[in-house]
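# A closer look at the structure
Read off the chains here:
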Protein chains: 4
Amino acid sequence: MLLSPRKHRRHSQGWRTVGRVFDLPLRSAMNAVCGRGRDAVTAAAARHGSAAAEADWRRLLERDDVQLVDICTPGDSHAEIAVAALRAGKHVLCEKPLANSVTAAETARARGRLAMVGFNYRRTPAVALARRMIRDGRIGTLRHVRASYLQDWLVDPEAPLTWRLRREQAGSGALGNLGAHLVDLAQYLAGERLAGVSAVTGTFVRERPRPTGGRGTVTVDDAALFTGRFPSGALASFETSRVAAGRKNALRSELNGAHGSLAFDLERLNELAFHDQTEPADAAGFRRILVTEPGHPYLEAWWPPGHGLGYEHTFVHQARDLVHAIAAGTEPAPSFAGGLQAQRVLTAVEDSAAKDCTYTSVPPS
Amino acid sequence: MLLSPRKHRRHSQGWRTVGRVFDLPLRSAMNAVCGRGRDAVTAAAARHGSAAAEADWRRLLERDDVQLVDICTPGDSHAEIAVAALRAGKHVLCEKPLANSVTAAETARARGRLAMVGFNYRRTPAVALARRMIRDGRIGTLRHVRASYLQDWLVDPEAPLTWRLRREQAGSGALGNLGAHLVDLAQYLAGERLAGVSAVTGTFVRERPRPTGGRGTVTVDDAALFTGRFPSGALASFETSRVAAGRKNALRSELNGAHGSLAFDLERLNELAFHDQTEPADAAGFRRILVTEPGHPYLEAWWPPGHGLGYEHTFVHQARDLVHAIAAGTEPAPSFAGGLQAQRVLTAVEDSAAKDCTYTSVPPS
Amino acid sequence: MLLSPRKHRRHSQGWRTVGRVFDLPLRSAMNAVCGRGRDAVTAAAARHGSAAAEADWRRLLERDDVQLVDICTPGDSHAEIAVAALRAGKHVLCEKPLANSVTAAETARARGRLAMVGFNYRRTPAVALARRMIRDGRIGTLRHVRASYLQDWLVDPEAPLTWRLRREQAGSGALGNLGAHLVDLAQYLAGERLAGVSAVTGTFVRERPRPTGGRGTVTVDDAALFTGRFPSGALASFETSRVAAGRKNALRSELNGAHGSLAFDLERLNELAFHDQTEPADAAGFRRILVTEPGHPYLEAWWPPGHGLGYEHTFVHQARDLVHAIAAGTEPAPSFAGGLQAQRVLTAVEDSAAKDCTYTSVPPS
Amino acid sequence: MLLSPRKHRRHSQGWRTVGRVFDLPLRSAMNAVCGRGRDAVTAAAARHGSAAAEADWRRLLERDDVQLVDICTPGDSHAEIAVAALRAGKHVLCEKPLANSVTAAETARARGRLAMVGFNYRRTPAVALARRMIRDGRIGTLRHVRASYLQDWLVDPEAPLTWRLRREQAGSGALGNLGAHLVDLAQYLAGERLAGVSAVTGTFVRERPRPTGGRGTVTVDDAALFTGRFPSGALASFETSRVAAGRKNALRSELNGAHGSLAFDLERLNELAFHDQTEPADAAGFRRILVTEPGHPYLEAWWPPGHGLGYEHTFVHQARDLVHAIAAGTEPAPSFAGGLQAQRVLTAVEDSAAKDCTYTSVPPS
């Protein structure tokens with residue numbers, strides 16, 4: 001299993017926990033950790049109880065005790081590693097973006113092994129419950145999706161110019177980092193894919209201090225706003241920003257249908273708001289479902305009602321779902337094809353913003 | 001004073017109350033009421049304690065005891081009455097839209113008398129406080145405006161095809177009815193005018209029962225989504241709908257600046273949320289200001305802290321501000337020129353939606 | 001009609017508005033205003049459009065154009081004026097407390113005219129809706145009432161020693177001022193009267209500056225906490241304070257029954273929270289009813305859904321209910337007998353706190 | 001380490017995670033699991049990766065590879081096991097109640113080894129932050145503590161008569177199960193111990209179906225309400241219930257001081273509300289601190305801002321604090337003496353309720 005410094009802690013917490021909490025059809029264990037710098041990797045392997053430490057990801061692919069590679073490297077290496085791992089006969093879990101360019105992502109399509117993109121927020125119980133309720137017709141034909149993902153860590157103009165603020169490494173800014181989740185969630189919840197988008201993006205702080213000294217230019221967006229249409233006619237609005245003062249991890253979505261509405265906020269991830277329009281008007285209203293009941297998605301394995309879960313549990317659930325898919329031999333969701341389609345939507349969003357035009361159709365994947 | 005059946009009750013409650021609660025530089029009284037149907041108008045005049053009832057608005061303009069005409073008729077008559085009243089030497093308060101077409105609105109420009117457009121939500125104390133805080137630099141340079149106005153009275157597909165759903169009378173649907181408030185509030189709070197817009201609109205229920213029998217076609221939008229740019233570079237997102245199940249009068253706006261943020265929800269109109277980014281991170285967070293303190297806008301005349309106001313008080317405050325403007329001989333805000341500019345933004349929004357293009361500039365007023 | 005400076009403004013706003021908004025069986029008008037200081041009363045009468053100003057309340061009772069006396073004087077004069085007004089053949093609306101001592105209150109019992117105590121919060125639409133839902137069995141047999149009324153205007157140790165902080169004039173502190181509302185609401189909502197109480201009270205700032213100079217002793221409570229039992233077995237908890245920093249007018253109550261729960265907060269007075277325990281657990285949760293629908297109590301006369309009311313509307317509704325009771329010749333609620341019973345509960349609370357004992361029964365009224 | 005079926009999962013998740021996330025001065029590992037039924041224990045040991053399974057807790061005390069015993073058995077066995085473990089030279093972490101009777105608890109006092117009672121909610125970051133802010137004087141001299149812990153799993157009258165509903169095994173009902181946390185938290189946050197209490201308790205469903213057939217009598221409370229006084233003069237109110245419909249795990253507390261207030265709700269455990277009374281009144285209000293910043297207690301080891309933790313993390317933090325105490329040789333908090341004192345408060349509460357009297361002092365521990 002491949003774990004890079006940036007995101008490995010949440011992934012490894014997911015893998016360490018999943019087998020203790022859920023009854024799995026396969027046994028899971030972290031048999032190897034890979035990263036840059038032998039000492040750091042050895043320390044990480046020791047801390048996480050893993051058997052082996054590797055400094056070159058190619059060595060990982062040669063190990064017989066590795067069946068699944070979990071890729072948490074920076075985005076510009078995703079495609080290369082994923083393709084090589086699949087060719088080596090490994091299953092793959094890859095952090096989004098699947099690739100920094102649409103072209104590269106296409107070559108990553110699966111080779112008979114199972115490949116999943118890490119849109120972990122689908123695995124929040126409240127989001128999974130929302131999907132179930134929509135599929136069960138609880139809000140009727142969808143008319144509106146309203147989604148925003150706001151953070152504020154770039155409000156400070158002296159925050160440094162890391163790789164995340166350079167187009168060549170990060171691809172895009174808030175759009176790819178946060179907006180990708182918005183697109184995935186909206187399509188997952190709606191059960192259909194966006195057919196057209198129109199966007200505007202902005203960069204408010206154009207120069208920042210380089211970690212190495214001096215100042216350099218920010219070449220990605222601080223924020224992106226876009227509207228979209230679904231083939232069914234439903235309308236969608238999206239907004240993402242890393243300069244929304246006071247919003248720390250505010251991934252919010254609201255869906256309005258012909259018979260009701262649902263709303264979610266990641267900063268209160270154990271709750272789902274639901275309005276049932278079929279109730280008598282004098283007793284109707286948005287209710288706050290505490291998504292901690294045994295009948296809620298993933299909750300049968302956890303704590304009593306009202307005892308909430310946290311952010312990292314999305315990674316436990318992601319691991320659970322992938323292990324089940326591998327055991328059953330079925331394609332996990334989102335597959336690489338799904339990840340590629342999300343990436344194409346983001347590319348259309350970028351083009352629309354660059355050209356001040358509305359894209360009335362997104363290229364099919 | 002001219003009051004039509006639809007909206008007159010909230011305006012007359014405003015006029016009746018303003019002089020009892022505030023110390024005004026001029027005495028205000030409703031000396032005449034005008035509307036269609038002599039009996040109904042006479043009954044309304046009696047109920048509201050007015051001295052006179054008129055069935056033809058032209059007669060009203062001839063009365064010497066009328067100095068101000070308050071126009072609450074359907075939108076397609078606003079321009080004609082306003083122009084005539086101004087020509088007759090009356091001051092005018094006119095409900096938005098100032099006119100159903102930009103061309104008609106232009107002719108309504110003031111003739112030496114004072115003319116105000118009824119964007120009453122500016123007079124919500126929390127909104128006025130937000131404006132004051134922004135002007136005082138409490139949130140710094142503005143980066144984001146996020147505004148939505150959601151209602152749900154058209155969710156029911158059997159809701160009748162009233163004049164509000166016909167383009168020839170209403171001009172547009174949710175866009176003109178609700179979106180106009182969004183544009184006015186965003187520009188009022190930002191202190192600048194939108195420079196470009198990009199929009200998508202939708203109509204989800206295309207046929208509805210006519211009040212007179214049979215079914216007819218809905219010719220206005222149920223919902224409109226648009227993005228905008230301010231000359232300063234701030235980005236804005238707007239969404240309005242009359243089919244957002246469970247949202248009754250949800251006019252919400254959030255503004256993010258370089259030093260803080262503000263947020264407001266008309267369904268909780270006595271509250272303003274404020275985040276101060278300059279506070280130490282470990283004690284910072286959005287605070288809920290209960291806008292009921294003596295130092296808050298308009299509050300010096302009302303109740304003790306925590307004793308909230310209601311929707312109708314926006315009309316009391318609107319009346320107060322207009323009386324002060326008349327006494328001082330200064331132009332009220334928003335003036336007819338301001339109302340016209342808002343109307344032009346809405347026209348650009350409609351055009352953008354119709355043509356799938358982004359308008360990079362809005363014609364100046 | 002008798003109106004003293006302190007509370008007259010909210011009462012007069014109620015009387016001025018009620019006939020404009022509601023269809024009443026009788027016509028109501030403020031024909032006379034009475035208060036101390038001839039000039040102030042004359043000014044108030046002029047401002048409120050009343051016909052006459054009186055400086056001695058006894059003169060008011062001699063007027064033929066006065067059928068109802070609305071008493072808003074300080075608490076220690078309530079009993080005397082109310083008794084005299086009833087003897088003079090007037091109907092009476094009297095602010096609570098009905099009297100500062102139980103003995104005095106008993107003599108105020110009605111003499112063939114209709115007498116009502118001003119527990120205006122019963123007339124909040126959300127509270128009236130809660131009562132209706134409880135009566136309709138929506139939450140089943142009541143088990144818990146949880147009520148608190150918190151303000152913070154005495155947090156400042158330099159707030160002056162007004163009459164409200166002196167036992168001889170105010171009777172008690174937070175207990176009588178705020179706690180009286182808690183007891184009335186709890187009994188109104190529960191539909192039964194408290195059978196036993198146990199209390200603790202406290203005064204945190206014992207000396208304050210006198211308005212006339214120097215410092216004097218606070219002789220009433222800053223806060224009172226008490227528990228209670230209803231004959232049905234339901235348990236109740238009460239807390240009131242005027243030193244709860246940040247709570248401005250936080251009158252909250254929650255009721256838990258065998259089939260559901262209801263919760264209310266006066267700082268958000270247009271909302272009622274409702275939980276229906278009979279719903280499937282995976283979709284259940286507290287819903288926020290926006291109490292602004294035409295089918296809600298008092299709302300048929302007001303604005304469209306989502307357009308909230310304010311604090312003063314409780315006085316409009318109180319006036320409406322009293323006029324209907326007078327027209328129908330039925331006893332209004334709460335009657336003087338009801339007001340007296342509430343006063344007896346407060347006396348038992350005071351005794352319990354003074355003697356560190358639980359009162360297992362409250363003397364019947 | 002001793003882990004019984006009921007609560008072992010949350011404790012073992014805490015022990016498994018603590019060493020991976022925090023830098024600890026000692027290495028921690030679950031070397032042995034003990035419980036009733038050899039097969040079940042063996043399965044649990046395998047699932048949790050422990051080395052050994054024991055069916056008799058006395059065998060555990062003989063093991064050299066066990067330095068700490070974590071007791072999660074039913075309450076009536078706590079004292080016996082804890083005393084024996086301490087005598088055998090083990091450190092002890094014992095779930096509350098320390099014992100079902102004050103007498104038994106006294107004998108459990110520590111014997112030179114470190115002993116901690118498992119009041120895990122102290123380890124919620126928001127609660128620890130509240131404590132830090134109080135100690136730093138952010139809300140000034142404390143005046144009010146308002147605490148309630150409401151659940152609803154006994155609303156259903158057909159919920160079975162388990163050992164938790166029988167006095168001989170559980171000691172008390174909601175009072176001991178939930179109220180113990182209220183007392184611990186209130187004293188922890190206030191930094192002082194309750195000096196007097198007055199209580200009322202109730203049982204609403206007196207007969208329930210036995211798991212073995214037929215019906216039996218509930219011999220513990222469903223709910224307990226009590227007031228308390230601190231030596232400083234601060235007043236406290238407490239309420240706990242297991243029949244509060246719709247409240248799943250609603251542990252709430254609010255503290256009002258001379259300069260500000262703090263409020264917490266376990267159902268939103270990543271948030272702390274704070275009001276600073278020293279701010280200008282027109283910009284003051286309760287702010288929602290998202291307790292996920294690196295500077296917040298325990299957060300340096302976790303995720304980025306806004307990425308919330310869950311219920312189980314309180315057990316990770318409890319394990320961390322205990323390991324640090326053992327490494328440093330300092331008494332952990334709450335110690336057994338602290339647990340005993342909390343138990344004595346509960347006993348006074350029970351006596352007060354039984355005798356309808358106020359206890360003006362709680363026996364010192």
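It should be noted that the structure appears before, not after, this text.
Source: prediction; values computed, not measured.

What counts and how
Note that residues are indexed from 1 along each chain, following the sequence as it is written. Chains carry letters from A onward and ligands carry numbers from 1 onward, assigned in written order. Note on the predicted model: pLDDT of at least 70 is required for a residue's local features to be given, and 80 or more for side-chain atom pairs to be given and counted; whole-chain, interface and lining totals, by contrast, use all residues. Hydrogens and waters are ignored; side-chain quantities use all the structure's heavy atoms. What makes two strands pair is DSSP finding at least two bridges between them. By definition, any uninterrupted DSSP run of H or I lasting at least four residues is a helix, any uninterrupted run of E lasting at least two residues is a strand, and each is numbered from the N terminus. Axis definition: a line fitted to C-alpha atoms, over the contacting stretch in the case of helices. Angles run 0 to 180 degrees between N-to-C directions. Contact definition: two residues touch when any of their heavy atoms are within 4.5 Å. Least squares is the method used to superpose the copies, on C-alpha atoms of residues holding a pLDDT of at least 70 in both. When two parts are put together, the accessible area they lose, computed with a 1.4 Å probe and summed over both, is reported as buried area. What counts as a salt bridge is simple: a side-chain nitrogen of Lys or Arg found within 4 Å of a carboxyl oxygen of Asp or Glu. Polar contact criterion, stated in full: a pair of N or O atoms within 3.5 Å, where within protein one must be able to donate a hydrogen and the other to accept it, and residues adjacent in sequence count only if both atoms are side-chain atoms. Each residue is assigned to one of three groups, with Ala, Val, Leu, Ile, Met, Phe, Trp, Tyr, Cys and Pro labelled nonpolar, Asp, Glu, Lys and Arg labelled charged, and all others, Gly among them, labelled polar.

Attention now moves to the sheet that holds strand β3 (residues 68-71) of chain C. Residue and element names in this part refer to chain C. In spatial order, the strands read β3-β4-β5; together these 3 strands make up an open sheet with parallel pairing. Two strands in the sheet have a free side with no partner beyond their single neighbour: β3 and β5 (115-117). The sheet shows a mean angle of 10° between the axes of neighbouring strands, direction not considered. Along the sheet, helix α10 (residues 336-355) contacts β4 (91-94) and β5; its crossing angle with β5, the most-contacted strand, is approximately 35°.

The next subject is the relation of the copies chain D and chain A. When chain D is fitted to chain A, the residual RMSD is 0.0 Å, and the transformation amounts to a turn of 180° plus an axial shift of 0.0 Å. In symmetry terms, the pair is related by a two-fold rotation axis. Using C-alpha coordinates, one finds that chain D approaches the rotation axis most closely at G310 of chain D, a distance of 2.1 Å. Taken as a fraction of all interface residues of chain D, those also at the interface in chain A reach 100%, which identifies the copy contact as same-surface.

This next bit is on the interface of chain B and chain A. Across the contact, 42 residues belong to chain B and 42 residues belong to chain A. Here chain B and chain A share an interface that buries about 3400 Å² over both sides, 53% of which is from carbon and sulfur atoms. Between R247 of chain B and E254 of chain A there is a salt bridge, with its nearest N and O atoms 2.8 Å apart. Here chain B is connected to chain A by 19 residue pairs in polar contact (both at pLDDT 80 or more). Within the residue set of the side of chain B that touches chain A, elements represented by two or more residues are β6 (142-150), β7 (196-202), β10 (223-229), β11 (235-241), β12 (250-257) and β13 (260-265) of chain B. Its residues placed into classes, the side of chain B that touches chain A shows 17 nonpolar, 17 polar and 8 charged.

Next up on the list: the interface of chain D and chain A. On the chain A side, the residues contacting the 37 residues of chain D number 37 residues. Both faces combined, the contact of chain D with chain A buries some 3400 Å², and carbon together with sulfur accounts for 43% of it. When residues of chain D are sorted by the area they lose upon contact with chain A, R20, R47 and W303 of chain D head the list and together hold 22% of the total. In this structure, R288 of chain D and E267 of chain A form a salt bridge, with 3.2 Å as the shortest nitrogen-oxygen distance. At the boundary of chain D and chain A, one finds 14 residue pairs in polar contact (both at pLDDT 80 or more). For the side of chain D that touches chain A, the secondary structure elements donating two or more residues are α1 (8-21), α2 (38-47) and β15 (286-290) of chain D. Grouping the amino acids of the side of chain D that touches chain A by side-chain chemistry returns 12 nonpolar, 12 polar and 13 charged.

Expressed as a screw transformation, the operator carrying chain B onto chain A has a rotation angle of 180° and an axial translation of 0.0 Å, and the superposed copies differ by an RMSD of 0.1 Å. Comparing contact sets, 100% of the residues at the interface of chain B also lie at the interface in chain A, consistent with an isologous, same-surface contact.

Right, let's talk about the side chain of Q187 of chain A for a bit. Of note, Q187 of chain A is situated in helix α8 (residues 174-190). Polar side-chain contacts of Q187 of chain A include one of 2.9 Å to the backbone nitrogen of L194 of chain A.

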